[in-house]
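# A closer look at the structure
Each chain, written out:
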Amino acid sequence: MSTREHAITEFKRHFGDPPAFVVRAPGRVNLIGEHTDYNDGFVLPLAIDRAVWIALRPASTKQVVLHALDLNQSAEFSLKNIKHENQEWVEYVKGTAWALQQAGYLLAGWEGLITSSIPIGAGLSSSAALELAAARAFAAVSGYPWDAVKMARIGQQAERDWVGVNCGIMDQMISALGRAGHALLMDCRSLKTNLVPLPPDMAVVVLDTATRRGLVDSAYNIRRQQCNVAARFFGVPALRDVSRDEFDAKAAALDPVVFRRARHVIEENFRTRDAVQAMSRKDAAKLGRLINASHASLRDDFEVSSPQLDQMVDCAQQESACYGARMTGAGFGGCAIAIVQSEAVHDFCETVTINYQKAAGLKPEIYVCTATDGATTSAI
Ligand code: GLA
């Protein structure tokens, strides 16, 4: 049974009648362009075939009544007076409602059953997917038109100002705007996007280390501050505006840690645009080298990898069918990705599973992902 059918069946079981809509918002992996979004830079993510699904029907009241199937938890809140109660997953839905109301949307209540195939804390953006699925649910019952970029901003606002995680815009944008068979080059300043087709002979493999990120929020915020210090040093609004020449001419006067943080961001922006060129020339080998260089920079200059992510990336890079591998997302645990020759991908997954288990003593989850469309709504 598909996740969609499962959500419909379980909705009927829980709420008694069939749902009126099913909404879905995907998680993501980022091919390259890590920790660049909050520096107004470039990212190249794709939406994956793991998603948050909500089966729902409109309510006649202003209540939002929720059941999280996978956690077996229920919750409800009133749209008349949304209060912060620190109820974990519910806060992402509340935060989305709050941000929509702040933006002037008139919201109707609903009853919904939530289920997800995105592991939590694995760096695959389960929270952005929940925000975008909630935005889709509110749009379905309240009758406002869907504007993907606006909804991505709403999701980011929910996460930043309601949940309290000072994230960039990449995860919400790709969950809203992803396209099947494509990665999306995003300019995180203008929010202009370009679709980049994924070469058919190249598989994108998710390498879940079976570790979950720990104190990521504080480390993430420190990285953001260090990037801001560097931008101020160069007298620009964001590190995106620093050229290589300018960096080479002035950076020696920076604090050594800030120097390395800035070098990562500046070089990663070049790598991301080079990666798009390599993909358009179908040059998987070049793309792989850029991806490997991104990992080294995240490990050594930005210092957001972890021993398990490094072990996983090493195991992947050792395989001849692998063009390149790197951690993906914020870091400190969770998932890496590899791009691999399609015809050899089955053996690749088997070998890396065995080798990582030997190296790290943990059982990983390794699978090929496909690029999917962004958040969708279907009426039942
Ligand atoms: C998290 C954030 C994104 C981005 C990445 C790192 O996923 O939510 O905005 O900053 O980390 O690239």
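Residues numbered from 1 in each chain as written. Predicted model: local features only at pLDDT ≥ 70, side-chain atom pairs only at ≥ 80, totals over all residues. Heavy atoms only, no water.

### Some remarks on the overall build of the protein chain
The helix and strand inventory of the protein chain stands at eleven helices and 13 strands. In terms of principal-axis extent, the alpha carbons of the protein chain reach across some 60 × 50 × 35 Å. A buried classification covers 57% of the 380 residues belonging to the protein chain. Counting contacts in the protein chain only where the partners sit at least 6 residues apart, residues at least 24 apart contribute 72% of the total. On the protein chain, roughly 15300 Å² of surface is accessible, and the fraction owed to carbon and sulfur atoms is 49%. (Helix = DSSP H or I, 4+ residues; strand = E, 2+ residues; numbered from the N terminus. Buried < 20%, exposed > 50% of the residue type's maximum accessible area, 1.4 Å probe, protein only. Contact = heavy atoms within 4.5 Å. Areas by Shrake-Rupley, 256 points an atom, 1.4 Å probe, with all protein chains shown as cover.)

### Observations concerning the environment of R326
Tracing the backbone shows R326 in strand β10 (residues 322-327). Linking R326 and I339, residues 13 residues apart in sequence, is a C-alpha distance of 9.4 Å. With residues near it in sequence (within four places) discarded, R326 still touches N30, L31, I32, E34, E268, I291, S294, H295, L298, V313, A336 and I337. For R326, the side chain forms a polar contact with the main-chain oxygen of L31, separated by 3.1 Å. (Polar contact = N/O pair within 3.5 Å; in protein donor to acceptor, adjacent residues only side chain to side chain.)

### What about the side chain of Q226?
Here Q226 shows up in helix α6 (residues 216-234). Taking the relative accessible area as the measure of exposure, Q226 reaches 15% and is therefore buried. A polar side-chain atom of Q226 sits 2.8 Å from a polar atom in the side chain of R261. Those residues in contact with Q226, other than ones at most four positions away along the chain, are V257, V258 and R261.

### Topic: the pattern of salt bridges
Throughout the structure, instances matching the rule amount to 19 salt bridges. For E10, the salt bridge identified is with R13, shortest N-O distance 3.0 Å. Of this pair, E10 and R13 both sit in helix α1 (residues 3-15), separated by three residues, roughly a single helical turn. Since its relative accessible area comes to 63%, R13 is described here as exposed. A salt bridge links D187 to R240; the nearest nitrogen and oxygen atoms lie 3.0 Å apart. Of the two residues, D187 sits in strand β7 (residues 182-187) while R240 sits in the loop between α6 and α7 (244-250), which places them 53 residues apart along the sequence. One continuous salt-bridge network, built from bridges that share partners, spans D17, R57 and E111. (Salt bridge = Lys/Arg side-chain N within 4 Å of Asp/Glu carboxyl O.)

### Examining the site of the ligand
Taken together, the residues surrounding the ligand are R28, E34, H35, D37, Y38, C167, G168, M170, D171, Y220, G329 and A330. Residue E34 places a side-chain N or O atom 2.6 Å away from an oxygen atom belonging to the ligand. Surface burial for the ligand is 92%, taken as the share of its 300 Å² of free accessible area covered by protein chains. Among the residues making up the shell around the ligand, the classes are represented as five nonpolar, three polar and four charged. (Near = heavy atom within 4 Å. Nonpolar A, V, L, I, M, F, W, Y, C, P; charged D, E, K, R; others polar.)

### Remarks on the domain arrangement of the protein chain
Partitioning the protein chain into structural domains gives domain 1 (3-194 + 373-379) and domain 2 (198-369). Across the boundary between the two partners, domain 1 contributes 37 residues, which contact 45 residues of domain 2. Taking both sides of the interface into account, the surface hidden between domain 1 and domain 2 amounts to around 3300 Å²; carbon and sulfur atoms contribute 59%. On the domain 1 side of the interface with domain 2, the three residues burying the most area are L31, I32 and H35, jointly 20% of the side's total. In this assembly, domain 1 and domain 2 are joined by four salt bridges. (Domains from an automatic or database assignment. Buried area = accessible area lost by both parts, 1.4 Å probe.)

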